[in-house]
Amino acid sequence: MAKHRKSVLLISTDPAHNLSDAFSQKFGKDARLVEGFTNLSAMEIDPNGSINDLIASGGDEAQDAMAGLGGVGNMMQDLAFSIPGVDEAMSFAEVLKQVKSLSYEVIIFDTAPTGHTLRFLQFPSVLEKALAKVHQLSQQFGPMLQGFLGRSGGLPGGANFDELVQKLETLRETISEVNGQFKNPEMTTFVCVCIAEFLSLYETERMIQELSNYQIDTHCIVVNQLLFPKKGLDCDQCNARRKMQKKYLDQIDELYDEFHVVRMPLLTEEVRGPKKLESFSEMLITPFQPPSED
């Protein structure tokens, strides 16, 4: 992608990060140029970070303001953040805020296996739900809180309750915008990566069904670690495994006849470092040619 686009950002949201290992370069929560590139950056973030971490870092003024409401504010916060998944979703929002302040033509999320990825895709909807709850509570308790704040001197920094509600509403609008981008096939697509085995094929089908439910475009599947033994090779294990893989490849072709399916070979060495990654990535575009029978 970096060969054809002006600027690309690669973000790992997998708690078991491997970008640093793959590129042989340390990455963290801030975008950093990949060595050997001028337009490819990478970062590793933890989607399991807690709301308390965000507050401690001073990353969200609305959270600080909510904390300043005292007991009633804590009640509103507890109610809003009791929604399952909102803790991770707030960390996701912090990532979006960082990304939005940067300027990249393409952003690629390297996600974890199926279950974790499905939670990740739910984050925008979860956040919208949580912020809608806060908005509802503000409508119910707003006048009382405004009167209370008038007697107690207001929020930290001189802000008032209306300003707090506006900040939360602005955040909700941002999340809603991201949700719209996720569901826009002109802006977002999801590439499924699997191996030619039963469990992986089952998980891929589950993922594609869920993506359809979320209205997220997907039309490409990468099948990785395929064996291409030479004909007549005296290796029972290789030939048996290739026969098994062919069975599941045929099923993939039947199930996803309208998808673009890319077949990637199992190599004899690890794909680590920019040069090997660059060479490996070429096979995503130019189909791998199995070795000749000679």
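Keep in mind that this is a model prediction, so the values were computed, not measured.

## Details of the packing of aromatic side chains
Right, so step 1: If you walk through the whole model with that rule in mind, you get four aromatic pairs.
Right, so step 2: Their ring planes at 25° and their centres at 6.4 Å tell us that Phe-198 and Tyr-202 sit as a pair that is stacked. Of this pair, Phe-198 and Tyr-202 both sit in helix α8 (residues 198-213), four residues apart, which is roughly one turn of the helix. Here Phe-198 matches Tyr-202 in class, with each residue exposed.

## Examining the pattern of salt bridges
Right, so step 1: Within this structure, the stated rule accounts for seven salt bridges.
Right, so step 2: Lys-3 is paired through a salt bridge with Glu-282; the nearest N and O atoms lie 3.6 Å apart. Of the two residues, Lys-3 sits in the segment before β1 (8-12) while Glu-282 sits in helix α10 (residues 274-285), which places them 279 residues apart along the sequence.
Right, so step 3: On the basis of relative accessibility, which here comes to 43%, the residue Glu-282 falls in the partly exposed class.
Right, so step 4: The salt bridge partner of Arg-241 is Glu-197, with a shortest N-O separation of 2.3 Å. Of this pair, Arg-241 sits in helix α9 (residues 236-255) while Glu-197 is found in the loop between β5 (191-195) and α8, placing the two residues 44 residues apart along the sequence.
Right, so step 5: Taken together, the shared-partner salt bridges in this structure form one network comprising Lys-3, Glu-278 and Glu-282.

The rules behind each value
- Residues numbered from 1 in each chain as written.
- Predicted model: local features only at pLDDT ≥ 70, side-chain atom pairs only at ≥ 80, totals over all residues.
- Heavy atoms only, no water.
- Phe/Tyr/Trp six-rings, centres within 6.5 Å; stacked < 30°, edge-to-face > 60°.
- Helix = DSSP H or I, 4+ residues; strand = E, 2+ residues; numbered from the N terminus.
- Buried < 20%, exposed > 50% of the residue type's maximum accessible area, 1.4 Å probe, protein only.
- Salt bridge = Lys/Arg side-chain N within 4 Å of Asp/Glu carboxyl O.

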